[in-house]
Amino acid sequence: MHRQLSGYKGDIGRQSGAVLVISLVILLVITLIGVAGMNTSVMQERMAANAQNANRAFQAAESSVGALLEQLYDSDLSMLRDAMQDVDGLSDEENFSVDPDEGINGTYQARYLGEIIITSGSSMDANESSTLLKGYRYELRGSANMDNTGAASTVFKGIEYY
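One structure accompanies this document, and this report is about it. Fair warning: this is a prediction, and the values are worked out from it, not measured in the lab.

The rules behind the values
- For every chain, the first residue of the written sequence is number 1, and numbering continues from 1 onward in sequence order.
- Where local features are concerned, this predicted model is filtered to residues with pLDDT of at least 70; where side-chain atom pairs are given and counted, the filter is 80 or more; whole-chain, interface and lining totals use all residues.
- Side-chain metrics in this entry use all non-hydrogen atoms of the structure; hydrogen atoms and water are not considered.
- Helix numbering and strand numbering both begin at the N terminus, where a helix is a DSSP run of H or I of at least 4 residues and a strand a DSSP run of E of at least 2.
- The term nonpolar core refers to a set of buried residues drawn from Ala, Val, Leu, Ile, Met, Phe, Trp, Tyr and Cys, joined through side-chain atoms within 4.5 Å.
- Relative accessibility decides the category of a residue: with a 1.4 Å probe and only protein chains considered, values under 20% of the type maximum give buried, values over 50% give exposed, and everything between is partly exposed.
- We call two residues in contact whenever any of their non-hydrogen atoms come within 4.5 Å of each other.
- Two rings from Phe, Tyr or Trp (for Trp, the six-membered ring) form a pair when their centres sit within 6.5 Å of each other. Planes less than 30 degrees apart are called stacked, planes more than 60 degrees apart edge-to-face, and all others tilted.
- By definition, a salt bridge exists where a carboxyl oxygen of Asp or Glu is found within 4 Å of a side-chain nitrogen of Lys or Arg.

1. Re unusual backbone geometry
Reasoning step 1: For Ser 75, which is not glycine, the phi torsion reads 65° and is therefore positive.
Reasoning step 2: By secondary structure assignment, the location of Ser 75 is in the loop between helix H2 (18-73) and helix H3 (78-85).
Reasoning step 3: For Asn 148, which is not glycine, the phi dihedral falls at a positive 65°.
Reasoning step 4: In this fold, Asn 148 is placed in the loop between strand E3 (134-146) and strand E4 (152-161).

Spelled out as C-alpha cells, the structure:
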C-alpha cells in the first residue's frame, strides 16, 4: 500500500495541466453563449418596442381620419369644398393632436377624385345617361408620427358624398 502512495506522488509531478486548460476553454464557450443570449434578448426587446411604436402610429393615423369623418358627420364640409375647388384636388392639411404627452401628432387631408352619376331604381328601369343625381368621390388621408421614435403611418379611406 505504501508503494501505491509513493507512485501517486510521482504521477502528480508528471501532470501537464490539461484539465485546467480544457475547463478554461469550456468556461469561455459558456461565457460566449451567455453574452450572445443577452444580445439576442436586447435585440428582441428593441424589436418589440418598434412594433409597439408602429402600432401606436397606425392607431393615431386611424384617429386622424376619424377626426375628419367626425367633422364631416357634423355637417362641416369645408374640407371637401376646399378639395373640390383646388387645382390639385387637395384640401389644406389640418393638424390633429392625438397624444401630446407621448409626442404623437397627426394630420388629415381630403382629396377630390371626381364626380359620379347615381342611378336610381332597379336595373330594369335605370337610365345610365341621367345626370340628375350626382355624387362626389373623395379620398381621406390621415397621417401620424411619434416624436423621437421614427414611427409613422398613413391611412387612406375612400368616401362617396351624395
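Following the structure, the description resumes.
2. Description of the nonpolar core
Reasoning step 1: The biggest cluster of nonpolar side chains holds 22 residues, and the ones touching the most others in it are Leu 68, Leu 69, Leu 72, Leu 80, Ala 110, Leu 140 and Ile 159.
Reasoning step 2: Those elements giving two or more residues to this core turn out to be H2, H3, strand E2 (104-117), E3 and E4.
Reasoning step 3: Ranked by the residues each element gives to this core, the list is headed by H2, at eight residues.
Reasoning step 4: Setting aside anything within four residues of it in sequence, one finds Leu 140 in contact with Val 65, Leu 68, Leu 69, Leu 72, Leu 80, Gln 109, Ala 110, Val 155, Phe 156, Lys 157 and Ile 159.

3. Regarding the packing of aromatic side chains
Reasoning step 1: For the coordinates displayed, the defined rule picks out three aromatic pairs.
Reasoning step 2: Centroid distance Tyr 112 to Tyr 136: 6.4 Å. Interplanar angle 45°. Geometry classified as tilted. Taken together, the positions of Tyr 112 in strand E2 and Tyr 136 in strand E3 put the pair 24 residues apart, joining distant regions of the chain.
Reasoning step 3: For Tyr 112, a relative accessible area of 22% corresponds to the partly exposed category.
Reasoning step 4: Ring centres of Tyr 112 and Tyr 138 lie 5.5 Å apart, and the angle between their planes is 55°; this geometry places the pair in the tilted category. Here Tyr 112 is found in strand E2, whereas its partner Tyr 138 is found in strand E3, with 26 residues between them in sequence.
Reasoning step 5: Joined through ring pairs, the aromatic side chains of Tyr 112, Tyr 136 and Tyr 138 make up one cluster.

4. Notes on the pattern of salt bridges
Reasoning step 1: If you walk through the whole model with that rule in mind, you get six salt bridges.
Reasoning step 2: A salt bridge links Glu 102 to Arg 56, with the shortest nitrogen-to-oxygen separation between them at 3.5 Å. Taken together, the residues span a long stretch of sequence, with Glu 102 in the loop between strand E1 (94-99) and E2 and Arg 56 in helix H2 at a distance of 46 residues.
Reasoning step 3: Exposure remark for Arg 56: the relative accessible area of 28% places this residue in the partly exposed category.
Reasoning step 4: Residue Glu 160 pairs with Arg 137 through a salt bridge whose shortest N-O separation is 2.6 Å. Of this pair, Glu 160 sits in strand E4 while Arg 137 sits in strand E3, and the two are 23 residues apart along the sequence.
Reasoning step 5: According to the relative accessible area criterion, Arg 137 is partly exposed, its value standing at 39%.

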